[in-house]
Amino acid sequence: MSDLLERLRTRGWRLTAQRRVVAEVLDGDHVHLTADEVHARASQRLPEISRATVYNTLGEMVSIGEIIEVATDGRAKRYDPNAHHPHQHLVCSSCGTIRDVHPHGDPLAALPSGERFGFTVSEVEVTYRGLCPDCS
């Protein structure tokens, strides 16, 4: 069983056939699919699944914190199942490919206290940009 499916089951989230197939499509490393890509892959497994069901299921998973919505450079939102594993993203500026990266150290340490303007910082989001090997 996938990590995402297990987390949803542990939460007591009702796993209908449609919800299950969406979660299965999102399973894996470096998965950052758009809603349309999720729908296309889910339709291969469950032909009767509707686009609205996929969008609603993704929205529910985001709202309960089981997947992350990733938006980059005005492109379509992508969905990341690694919600419970701290990481950053490496994004290709040309094709939009996204990879999870796990740099060492505390990214908050890079923000000097004088640049915090009195904020109590609770999280840091870093996005690295460049060209992937296919676009270089």
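Our structure is the block above this text.
Residues numbered from 1 in each chain as written. Predicted model: local features only at pLDDT ≥ 70, side-chain atom pairs only at ≥ 80, totals over all residues. Heavy atoms only, no water.

**Examining the overall build of the chain**
For step 1, the next point in the chain: Tallying secondary structure elements over the chain gives four helices and six strands in all.
For step 2, the next point in the chain: Starting at the N terminus and walking to the C terminus, you meet the elements of the chain as α-α-β-α-α-β-β-β-β-β.
For step 3, the next point in the chain: Along the first, second and third principal axes, the C-alpha set of the chain runs to 55 × 40 × 25 Å.
For step 4, the next point in the chain: Per-residue burial over the chain gives 33% buried out of 136 residues.
For step 5, the next point in the chain: Taking the contacts inside the chain whose residues are at least 6 apart along the sequence as the reference set, 48% of them involve residues at least 24 apart.
For step 6, the next point in the chain: Accessible surface, the chain: about 8,400 Å² in total, of which carbon and sulfur atoms supply 49%. (Helix = DSSP H or I, 4+ residues; strand = E, 2+ residues; numbered from the N terminus. Buried < 20%, exposed > 50% of the residue type's maximum accessible area, 1.4 Å probe, protein only. Contact = heavy atoms within 4.5 Å. Areas by Shrake-Rupley, 256 points an atom, 1.4 Å probe, with all protein chains shown as cover.)

**What about the pattern of salt bridges?**
For step 1, the next point in the chain: What the rule picks out here adds up to nine salt bridges.
For step 2, the next point in the chain: Measuring nitrogen to oxygen at the nearest pair gives 2.6 Å for the salt bridge that ties Arg19 to Glu60. On the criterion of sequence distance, the pair formed by Arg19 in helix α2 (residues 17-26) and Glu60 in helix α4 (residues 51-63) is long-range, its members being 41 residues apart.
For step 3, the next point in the chain: With a closest N to O distance of 3.6 Å, Arg20 and Glu24 form a salt bridge. One end of the pair, Arg20, and the other, Glu24, are both in helix α2, four residues apart, so they sit about a helical turn from each other.
For step 4, the next point in the chain: Look at Arg20 and you get partly exposed, because its relative accessible area is 29%.
For step 5, the next point in the chain: By relative accessible area, Glu24 is classed as partly exposed at 27%.
For step 6, the next point in the chain: Taken together, the shared-partner salt bridges connect Asp3, Arg7, Arg11 and Glu66 into one network. (Salt bridge = Lys/Arg side-chain N within 4 Å of Asp/Glu carboxyl O.)

**Brief notes about α2**
Note: α-helices contain 3.6 residues per turn, so residues at a spacing of three or four share the same orientation.
For step 1, the next point in the chain: All of the buried residues along α2 are Arg19, Val21, Val22, Ala23, Val25 and Leu26.
For step 2, the next point in the chain: At the exit of α2 stands Gly28, carrying a positive phi of roughly 135°.

**With respect to the packing of helix α3 (residues 35-45) against α4**
For step 1, the next point in the chain: Running from N to C, α3 and α4 cross one another at 120°; their axes reach a closest spacing of 9 Å. Here α4 runs oblique to α3, going by the angle between their axes. Like other packed secondary-structure pairs, α3 and α4 cross with a definite hand, here right-handed. Contact residues: Ala35, Asp36, Val38 and His39 in α3; Arg51, Val54, Tyr55 and Leu58 in α4. (Axes fitted to C-alpha atoms, helices over the stretch in contact; angles between N-to-C directions. Parallel < 35°, antiparallel > 145°, perpendicular 65-115°, else oblique. Left-handed = near helix turned anticlockwise from the far one by under 90°.)

**Let's talk about the packing of aromatic side chains**
For step 1, the next point in the chain: Counted according to the given criterion, the structure contains zero aromatic pairs.
For step 2, the next point in the chain: The cationic tip of Arg19 hangs over the ring face of Trp13; the distance from NZ or CZ to the ring centre is 4.0 Å. (Phe/Tyr/Trp six-rings, centres within 6.5 Å; stacked < 30°, edge-to-face > 60°. Lys NZ or Arg CZ within 6 Å of the ring centre and 35° of its normal.)

**Concerning the pairing of strand β5 (residues 98-101)**
For step 1, the next point in the chain: Burial along β5 is one-sided: Ile98 and Asp100 are buried, and none of Arg99 and Val101, which face the opposite way, are.
For step 2, the next point in the chain: One ladder, built from four bridges, connects strand β4 (residues 88-92) with β5; its direction is antiparallel. For Val91, the partnering residue across the bridge sits in β5 and is Ile98.
For step 3, the next point in the chain: In this structure, the hairpin formed by β4 and β5 is closed by a connection of five residues, where Gly96 is found at a positive phi of approximately 90°. (Pairing = 2+ DSSP bridges.)

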